[in-house]
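# Fold and geometry: a report
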Amino acid sequence: RLFNFKDIRVLEFLSMLNQDLVEILSWGFIVSYIFFSLLSLPGAWDAIKTKNADRIQALIFIAAIATSLFWGIFWIKIEHNVFISCTNIFSVFTALFSLWAKFFVERKIYLMFVSIFMVIGCGLMIWFYLPESLIGYFAAGITTCLSISPIMGIIESIKSKNVESVDLKIIGAMLAFNVCMGLIGIIKANPQIWGPNGLGVFVAFVQLVLPLIIAPDPAHKRVDQQSENFFFPYLFKNIQE
């Protein structure tokens, strides 16, 4: 009877414990995700200084903006968590900055303004017209695509033994915020949250252990250019021809 979970006092205790744990994990997510988002800025600034934005892949940052926008609205409209929502919106602006850097270097200034209006317009459409039941599915779907994107690159890295380009700051931050958000999803029993983040934990963990189990091939010369490729760390070849 000591562990009678029908006892209201036990249920209240478990509820309080879950709330405290969610709060701790939420702050862990906020710190790690802000750090992760900031890692894209040096690459964007370097592109402006060198006037070379070839390595900034617009599609990557468009996908990043989309997933952060959906999650930002999800957390404020459905979960009523202002801090996590603002963290995702902050990520929208860091990704936008990388896009602006590319447009600025390529002298497509009009696209900078177009991108702003597109983000605002899409945000308003999601908020006012997309059913709440679908917001989480869209967010989870885009996040899943982002999570599985490095898999082909991982396979290629294993075959070529090219693991020198792994940036531990990026992968570590990815692992941290995916773990925090995945655990929050488990506590809330929401597969839209724990599903894609659990997949992200697996992919990030694989990327962390690869350098430990694969000896790099000295026949290739590589350069560390991970700061720009922060959403798809293995998608691009960082091999200097």
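Residues numbered from 1 in each chain as written. Predicted model: local features only at pLDDT ≥ 70, side-chain atom pairs only at ≥ 80, totals over all residues. Heavy atoms only, no water.

Below, the discussion takes up the overall build of the protein. Scanning the protein from terminus to terminus reveals 9 helices and 0 strands. Buried residues in the protein amount to 43% of all 241 residues. Taking the intrachain contacts of the protein between residues at least 6 apart in sequence as the baseline, contacts between residues at least 24 apart amount to 79%. Surface exposure of the protein reaches about 13500 Å², of which carbon and sulfur atoms provide 71%. (Helix = DSSP H or I, 4+ residues; strand = E, 2+ residues; numbered from the N terminus. Buried < 20%, exposed > 50% of the residue type's maximum accessible area, 1.4 Å probe, protein only. Contact = heavy atoms within 4.5 Å. Areas by Shrake-Rupley, 256 points an atom, 1.4 Å probe, with all protein chains shown as cover.)

Okay, the confidence of the model for the protein next. On average, the protein scores 82 in pLDDT, and the residues at 70 or more come to 79%. The secondary structure element of the protein with the lowest average pLDDT is helix H7 (residues 151-160), at 73, and the one with the highest is helix H4 (residues 82-105), at 95. A low-confidence stretch, residues 220-241 (pLDDT under 50), is modelled with 66 contacts involving residues beyond four sequence positions or located in other chains. (pLDDT = per-residue confidence, 0-100.)

To continue, consider the nonpolar core. In terms of nonpolar packing, the biggest core is built from 47 residues, with Phe29 and Trp75 touching the most fellow members. Where this core is concerned, the elements lending two or more residues are helix H1 (8-38), helix H2 (41-50), helix H3 (58-77), H4, helix H5 (109-129), helix H6 (132-148), helix H8 (168-187) and helix H9 (191-213). The element best represented in this core is H3, accounting for 10 residues. Setting aside chain neighbours within four positions, we find Phe29 in contact with Ile84, Thr87, Asn88, Phe177, Cys180 and Met181. (Core = buried A, V, L, I, M, F, W, Y, C linked by side-chain atoms within 4.5 Å.)

Bringing the pattern of salt bridges into the picture now. Taken as a whole and assessed by the stated rule, the structure comprises 3 salt bridges. Of the charged contacts, one joins Lys102 and Glu106 as a salt bridge, the two residues approaching to 3.1 Å between their closest N and O atoms. With a relative accessible area of 12%, Lys102 lands in the buried category. Residue Glu106 is classed as partly exposed on the basis of its relative accessible area, which comes to 32%. Connected via shared salt-bridge partners are Lys102, Glu106 and Lys108. (Salt bridge = Lys/Arg side-chain N within 4 Å of Asp/Glu carboxyl O.)

Buried within H2 we find Gly43, Ala44, Ala47 and Ile48. The arc that holds the buried residues of H2, viewed along the axis, is 140°, so those residues lie on one side. On its buried side, H2 packs onto H4. Of the residues one or two after H2, Lys51 is the one with positive phi, at around 55°. (Arc of directions from axis to C-beta.)

It is worth spelling out H3 at this point. With 20 residues, H3 ought to run about 28 Å at 1.5 Å a step, and its terminal C-alpha atoms sit 28 Å apart, in line with that. Along H3, 14 of the 20 residues are buried, which leaves the element largely enclosed by surrounding structure. (Expected span 1.5 Å × (residues − 1).)

What follows concerns the side chain of Asn190. For Asn190, the position within the fold is in the loop between H8 and H9. Overall, the relative accessible area of 13% leaves Asn190 in the buried class. With residues up to four places along the chain from it excluded, the contact list for Asn190 reads Phe74, Glu79 and Gly185.

Glancing now at unusual backbone geometry. Located in the positive-phi region is Lys51, a residue other than glycine, with phi close to 55°. Looking at the secondary structure, you find Lys51 in the loop between H2 and H3.

Moving on, we come to the packing of aromatic side chains. Applying the stated criterion across every chain, the model contains 9 aromatic pairs. With a centroid separation of 5.1 Å and an interplanar angle of 90°, the aromatic rings of Trp71 and Phe74 are classed as edge-to-face. With a gap of 3 residues between them, Trp71 and Phe74 both fall in helix H3, about one helical turn apart. On the basis of relative accessible area, Trp71 is assigned to the buried category, the value being 9%. Between the aromatic rings of Phe74 and Trp75, the centroid separation amounts to 5.7 Å while the plane-to-plane angle is 85°, which identifies the pairing as edge-to-face. (Phe/Tyr/Trp six-rings, centres within 6.5 Å; stacked < 30°, edge-to-face > 60°.)

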